[in-house]
Amino acid sequence: MSSFERLSAYSPYGLAALRIITALLFIEHGTMKLFGFPASQMSGSLPPLMLFAALLELVGGILILVGLLTRPVAFLLAGEMAVAYFMAHAPNSFFPAVNQGDAAILFCFVFLYLFFSGPGAFSVDNRKAA
């Protein structure tokens, strides 16, 4: 067995790290919209669609963080990010680096991966029943 093959034993922990860091970054997008923290260029009340997105980011991010209902929540959040990309970013340019849609694309595909892979280690979904 090669040293790279031995790394497979740590796969659930790598997946958990990806899930947790992604969730923390995603929650930040929700708190920016809802609470202005960290500071954002958004001001005033949010339009209904942005408010809905912010709530999905905050609540969905927390659920992904703890690994609760990971697969259905990840599927929902992947859809949110696809909609966000095509509504807010793609009309500005074809190129994600230009239209600032890189994060939306990455979030979308990380959430799709979590939908297919599950939450990994350290999740409520995978806790052992006593």
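Attention here is on the structure that accompanies the text.

So, how was this worked out
- Residues numbered from 1 in each chain as written.
- Predicted model: local features only at pLDDT ≥ 70, side-chain atom pairs only at ≥ 80, totals over all residues.
- Heavy atoms only, no water.
- Helix = DSSP H or I, 4+ residues; strand = E, 2+ residues; numbered from the N terminus.
- Polar contact = N/O pair within 3.5 Å; in protein donor to acceptor, adjacent residues only side chain to side chain.
- Contact = heavy atoms within 4.5 Å.
- Phe/Tyr/Trp six-rings, centres within 6.5 Å; stacked < 30°, edge-to-face > 60°.
- Buried < 20%, exposed > 50% of the residue type's maximum accessible area, 1.4 Å probe, protein only.
- Salt bridge = Lys/Arg side-chain N within 4 Å of Asp/Glu carboxyl O.

Considering the side chain of H89
Of note, H89 is situated in helix α4 (residues 70–89). Within the structure, the side chain of H89 is placed 3.3 Å from the backbone oxygen of Q100, a separation counted as a polar contact. With residues up to four places along the chain from it excluded, the contact list for H89 reads A84, N99, Q100, G101 and A104.

Looking at the packing of aromatic side chains
Considering all chains together, one arrives at eight aromatic pairs under this definition. Here Y13 and F122 contribute two aromatic rings whose centre-to-centre distance is 5.5 Å and whose plane-to-plane angle is 50°, an arrangement assigned as tilted. Of this pair, Y13 sits in helix α2 (residues 11–35) while F122 sits in the segment after α6 (102–117); the two residues are 109 residues apart in sequence, bridging distant segments of the chain. A residue is classified by how much of its surface remains accessible, and Y13, at 44% relative accessible area, is partly exposed. With relative accessibility at 60%, the residue F122 sits in the exposed group. Between F94 and F95, the ring centres sit 5.3 Å apart and the planes meet at 85°, which makes this aromatic pair edge-to-face. We note that F94, like F95, is exposed. An aromatic cluster of at least three residues, connected via ring pairs, comprises F26, F107 and F111.

Considering the side chain of E57
Counting through the fold element by element, E57 comes out in helix α3 (residues 48–66). Of the residues examined, E57 reaches a relative accessible area of 4% and is grouped as buried. Only 2.7 Å separates the side chain of E57 from the side chain of K33, close enough to count as a polar contact. In this structure E57 touches F26, I27, H29, G30, K33, E80 and M81, once residues within four positions along its chain are discounted.

Regarding the pattern of salt bridges
The full count for this structure, using the stated rule, is one salt bridge. A salt bridge links K33 to E57; its shortest N-O distance comes to 2.7 Å. Of the two residues, K33 is situated in helix α2 and E57 in helix α3; the sequence distance between them amounts to 24 residues.

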